[in-house]
Amino acid sequence: MAITIRDVAREAEVSVATVSRALNGRDNVAAEVRAHVQAVATRLRYVPHSAARSLITRRTQTIGALLPDMHGEFFSELIRGIDKAARAQGYHLLLSSSHGDADETAAALQAMLGRVDGLLIMSPHADPGFIEQHLPEDLPAILLNPVRGHTRLSALAVDNRAGAYAMTQHLVHRGYREIVLITGPKGNLDSEERLQGCLDALHDLLPEAVPQIVSGDFSEESGYRAGSLIARQSARPQAIFAANDSMAIGCLFALTEAGLRVPDDIALAGFDDIPTARFTQPPLTTVRVRIADLGGRALDQLLAAIANGGSAQQHSVQMLAPELVLRASCGMHSHAAAAPTHNPDTVSKKRAQAGPDARRTPHPAPKHR
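Throughout this document, residue positions are counted from 1 along each chain, in the order its sequence is written. In view of the model being predicted, local features appear only for residues whose pLDDT reaches at least 70, and side-chain atom pairs are presented and counted only at 80 or more, with totals across whole chains, interfaces and linings using the full set of residues. Side-chain metrics in this entry use all non-hydrogen atoms of the structure; hydrogen atoms and water are not considered.

Draft legend 1. Geometry of the nonpolar core. With 70 residues, the main nonpolar core has Leu 78, Leu 120, Ile 179, Ile 240 and Phe 241 as its most contacted residues. Residue contacts are defined here by distance: any two heavy atoms, one from each residue, within 4.5 Å place the two residues in contact. Excluding its chain neighbours within four sequence positions, the residues that come into contact with Leu 120 are Ile 63, Gly 64, Ala 65, Leu 66, Ile 82, Ile 142, Leu 144, Ala 298, Leu 299 and Leu 302. The nonpolar core is taken to be a set of buried Ala, Val, Leu, Ile, Met, Phe, Trp, Tyr and Cys residues, with the residues joined through side-chain atoms within 4.5 Å. A 1.4 Å probe rolled over the protein chains alone gives each residue an accessible area, and that area as a share of the maximum for its type sets the label: buried under 20%, exposed over 50%, partly exposed in between.

Here is the structure:
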């Protein structure tokens, strides 16, 4: 028979209310009484009933995380960071995936309501209208990606433009003039910003160059297809910059399969610095996003909002600075360097100085990760 709170109270010779206050961390219990109750509960192997406890505390001690997908190293690292930080604070993690679909995103949010104390959301659909329609104002939530428009939620996002600009700049400074960009999926704001960072750098550093763009979808398969396409070209580029590491790794396999040597025949770079990136052959040059740290910092920020009662969240957008990790795939020895902050005003001034004929190269509006 399961041990109940009444059994603990009887054994500790205190009231049920005192046991509840002691085990729930209330401050109106003397320290020696709290220690005694906890010792008795441990000896009896008492496990609090989570549903009853949540009715008293109005907390589930559970955090929800809604992601576009759970496949791949990026999401594994992100989940690891969130879960590690949650466990350190006594919280559990409830995960759901939307698979990039707006209706599934709405359904997942609805399913989590009442089950979690707060939400971490990474979704291409988290625009202001969607947030207002599907997320209660009193539920604390933090966004883990850039969004179009202004929402009431705070967000943590990677400075994609700065990272992509810095990597393109590095490739140009290495002497590469013909650079192919493999983009992420259409509608993905991360992909759009990384593409724009590349285009900004090419416009500033190689104004006569015509950007070469190959579409991808952030998967290894799309990187492989892009690499196969590039390998078959009669006039191959000098370098390839993929919008994430998964595509870069797929591309690397295709190039190697075609008999091309990286970086001798063609240089290659990615974005994210997933764990596998350092173990490819050659090791992959990339833009480092501290993925697990992103998840941990978002969790800490969410718990602060929960502690505030979840109301009147102070809106903020925090941009996380990426850094270049230079490895052998671009012809470098391994080392890391900070990426400069992207400054759209500076880019605009340079374009203005270039004159009215200096136009941004048109490109397809590239899903959230």
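After presenting the structure, the write-up continues.
Draft legend 2. Looking closely at the sheet that holds strand 5 (residues 154–158). One requirement defines pairing of two strands: DSSP has to find at least two bridges between them. Helix and strand assignments come from DSSP, with helices taken as H or I runs of at least 4 residues and strands as E runs of at least 2, each series counted from the N terminus. Strand order in this open sheet of six strands is 2-1-3-4-5-11, and the pairing throughout is parallel. A single partner strand is all that each edge strand has here, and the edge strands are strand 2 (92–97) and strand 11 (317–320). Strand-to-strand twist of the sheet, defined as the mean angle between neighbouring strand axes without regard to direction, takes the value 20 degrees. Axes here refer to lines fitted to C-alpha atoms; in helices the fit is confined to the stretch in contact. Angles between the N-to-C directions go from 0 to 180 degrees. Lying on the sheet, helix 5 (residues 73–88) is in contact with strand 1 (62–67), strand 2 and strand 3 (118–121); it crosses strand 2 at an angle near 155 degrees.

Draft legend 3. Representation of the packing of helix 1 (residues 5–12) against helix 2 (residues 16–23) in the model. Relative to each other, helix 1 and helix 2 sit at 105 degrees, their axes nearing to 8 Å. Taken as axis vectors, helix 1 and helix 2 run roughly perpendicular relative to one another. Between helix 1, through Ile 5, Arg 6, Val 8 and Ala 9, and helix 2, the contact on the second element is made entirely by Val 16, Val 19 and Ser 20. Among the residues forming the contact of helix 1 with helix 2, the class breakdown is five nonpolar, one polar and one charged. Small angles under 35 degrees read as roughly parallel and large ones over 145 as roughly antiparallel, with 65 to 115 read as roughly perpendicular and the rest as oblique. All residues other than Ala, Val, Leu, Ile, Met, Phe, Trp, Tyr, Cys, Pro, Asp, Glu, Lys and Arg, Gly among them, are scored as polar; the first ten of these are nonpolar and the last four charged.

Draft legend 4. A look at the pairing of strand 5. Across the five residues of strand 5, five count as buried, placing the element largely inside the fold. In this structure, strand 5 lies alongside strand 11, joined through four bridges in parallel fashion. Its bridge partner lying in strand 11, Val 158 is registered against Leu 320.

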